[in-house]
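# Examining the three-dimensional arrangement
Letter by letter, the chains look like this.
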Amino acid sequence: VACLGGIYLVREMAILLREQLNKRLGRPSLVRMTNRRGGMQEFGIAILRLLRLRPPRGAEFNDVVLHPKLKQQVMRLADATSSAKRRRMPLQHAMFYGPPGTGKTMVAQRFAEYSGLEYAIMSGGDVAPLEEQAVTELHKLFRWVHRSKRGVLLFIDEADAFLASRKNSGMSESLRNALTTMLYHTGTPSSQFMLVIATNRPHDLDSAILDRLDESVEFGLPDIDARKGMVQLYYDKYIAKPLKLPAVSSGSPMLRKPDQPNGLRRRLPGSPKPLQIPREEEVDEAAMAIVASRINGFSGREISKLFTSLQT
Ligand SMILES: Nc1ncnc2c1ncn2[C@@H]1O[C@H](COP(=O)(O)OP(=O)(O)OP(=O)(O)O)[C@@H](O)[C@H]1O
Ligand SMILES: [Mg+2]
């Protein structure tokens, strides 16, 4: 039995290795990151989901904190995409715009997972250095997109670096050709891919690109409630969990009940009575609110970095 088990394991490893190799060799150079998986990996994930070892569908957005209006807009688009994908209807194209570090890339990845699409992330800044090769690489990219069984969310970060207005006199000939290639591939609605472009400068984009977009989603800097949510999220992730402290999330089973006495008592020198430290959830929630109000103007990236810097 052990021998048979060994043979089976070696065979599975060889298949996995081949899939990884194919994935690497087949990926166009413009794709910086993708979650395209081989058949075996898909099967493995389905099994893990069945065994409840992977989060269920719908949990994809658990680590993203958004203003309720923004969340509603994102979820409406995600549900529309998901149902269009199921019915093999054309997918919508969207633009995510707003200041750096506000969750555009993060939401696009979760969005693709939620809608059952693969995602491929490319950066607009990678196109110009390719010069006349850019057109060939873009055709390669779309061939790869059309090979997908699940459909692809093609996310173009820093879109203004590549899809800027053709009226711009400083635009090189090769970049102009790359833009025309992009327009050619996105001219008719497709059930095979959804284009999501992200930019900090939406007004710089070419009007023909804007015309192809069905929805614009604005990602603003987080307001006080979103900052509180992120402070709590990143405190739990980078401080409470590694140090095995009680999480502050309300409703968490680790949270001490209000009527339970706090175990921490400190005796100050000369003090006749032990000092009763206020209950943890009171201290923590108040502290979280103070931190959130003091970091007005911080982006999500800056808040997460603040907590990673506190880890040491
Ligand atoms: N809304 C959010 N909720 C939780 N974490 C966030 C949020 N926004 C940003 N972050 C944190 O900041 C990091 C960077 O976010 P992301 O890359 O999505 O920003 P972006 O809007 O794409 O920025 P850029 O315009 O610079 O590309 C994330 O990995 C995450 O840790
Ligand atoms: Mg980004």
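An account of the accompanying structure is given in this report. Predicted model only: the values in this text are computed from it and were never measured.

Definitions and limits used
- Sequence positions are assigned chain by chain, starting from 1 and proceeding in written order.
- Both sets of labels track the order of writing: A upward for chains, 1 upward for ligands.
- In keeping with the model being predicted, local features are shown solely for residues with a pLDDT of at least 70 and side-chain atom pairs are shown and tallied solely at 80 or more, while totals for entire chains, interfaces and linings include all residues.
- Calculated side-chain values reflect all of the structure's heavy atoms, with hydrogen atoms and water omitted.
- Here the rule is simple: two strands pair whenever DSSP picks up at least two bridges between them.
- Comment: elements are numbered from the N terminus, with helices defined as DSSP H or I runs of at least four residues and strands as E runs of at least two.
- Neighbouring residues are identified by heavy atoms, a residue being near a molecule or strand if any of them is within 4 Å of it.
- Here a polar contact means two N or O atoms within 3.5 Å. Within protein one must be a hydrogen donor candidate and the other an acceptor candidate, and residues neighboring in sequence count only if both atoms are side-chain atoms.
- To measure how exposed things are, a 1.4 Å probe is used in the Shrake-Rupley method; for residues, cover is taken only from the protein chains shown.
- Residue type decides the class: Asp, Glu, Lys and Arg count as charged, Ala, Val, Leu, Ile, Met, Phe, Trp, Tyr, Cys and Pro as nonpolar, and the leftover types, Gly among them, as polar.
- Start and end positions for the domains come from either an automated domain assignment or a database one.
- Here, a salt bridge means any Lys or Arg side-chain nitrogen found within 4 Å of an Asp or Glu carboxyl oxygen.
- Only protein chains enter the area calculation, which uses a 1.4 Å probe; residues under 20% of their type maximum are buried, those over 50% are exposed, and those in between are partly exposed.
- Here, two residues are considered to be in contact whenever any of their heavy atoms come within 4.5 Å of each other.
- Here an axis means a line fitted to C-alpha atoms, over the contact stretch when the element is a helix, while the angle between two N-to-C directions is reported on a 0 to 180 degree scale.
- Expected helix span is taken as 1.5 Å per residue step, with the number of steps being one fewer than the number of residues.

Attention now moves to the pairing of strand β2 (residues 94-97). The pairing of β2 with strand β5 (residues 193-199) spans 4 bridges and is classified as parallel. Its bridge partner lying in β5, Y97 is registered against T199. Where β2 and strand β6 (residues 215-218) come together, 4 bridges link them in parallel fashion. Bridge pairing in β6 places F96 opposite V217.

Of all residues adjacent to ligand 1, which total 18 residues, the nearest are V65, G101, K104, T105 and Y234. Between an oxygen atom of ligand 1 and a main-chain N or O atom of G101, the distance comes to 2.8 Å. A distance of 2.9 Å separates an oxygen atom of ligand 1 from a polar backbone atom of M106. Against a free-state accessible area of 640 Å², the protein chains account for coverage of 82% of ligand 1. Within the residue set of the shell around ligand 1, elements represented by two or more residues are α4 (104-115), α8 (224-243) and α10 (300-309). Among the residues making up the shell around ligand 1, the classes are represented as 7 nonpolar, 7 polar and 4 charged. Looking at which domains feed residues into the shell around ligand 1, each of domain 1 (15-218) and domain 2 (224-255 + 273-309) gives three or more.

With that settled, the discussion passes to the pattern of salt bridges. This model, assessed by the stated rule, comprises 8 salt bridges. Residues D63 and R110 are paired through a salt bridge, measuring 2.9 Å at the closest nitrogen-oxygen approach. Here the residue D63 occupies a position in the loop between α2 (39-50) and α3 (68-86), and R110 occupies one in helix α4, the gap between them amounting to 47 residues. Among the residues examined, R110 registers a relative accessible area of 17% and is labelled buried. Of the charged contacts, one joins E215 and R76 as a salt bridge, the two residues approaching to 3.3 Å between their closest N and O atoms. You can see E215 sitting in strand β6 and its partner R76 sitting in helix α3, a full 139 residues away along the chain. Accessibility expressed as a relative area gives 14% for E215, which makes it buried.

Looking now at the sheet that holds β5. The 6 strands are arranged β1-β3-β4-β5-β2-β6 in an open sheet whose pairing can be described as mixed. Edge positions in the sheet fall to β1 (33-34) and β6, since each has one partner strand and no second. Sheet strands in contact with α3 are β2, β5 and β6, and its direction is about 145° off that of β6.

The subject of this paragraph is α3. In this model α3 runs 27 Å from its N-terminal to its C-terminal C-alpha over 19 residues, within 8% of the 27 Å that 1.5 Å per residue would give. Looking at the buried residues of α3, the elements they touch are β2, α4, β5 and β6. Downstream of α3 by one or two residues, R88 has phi in the positive range, about 55°.

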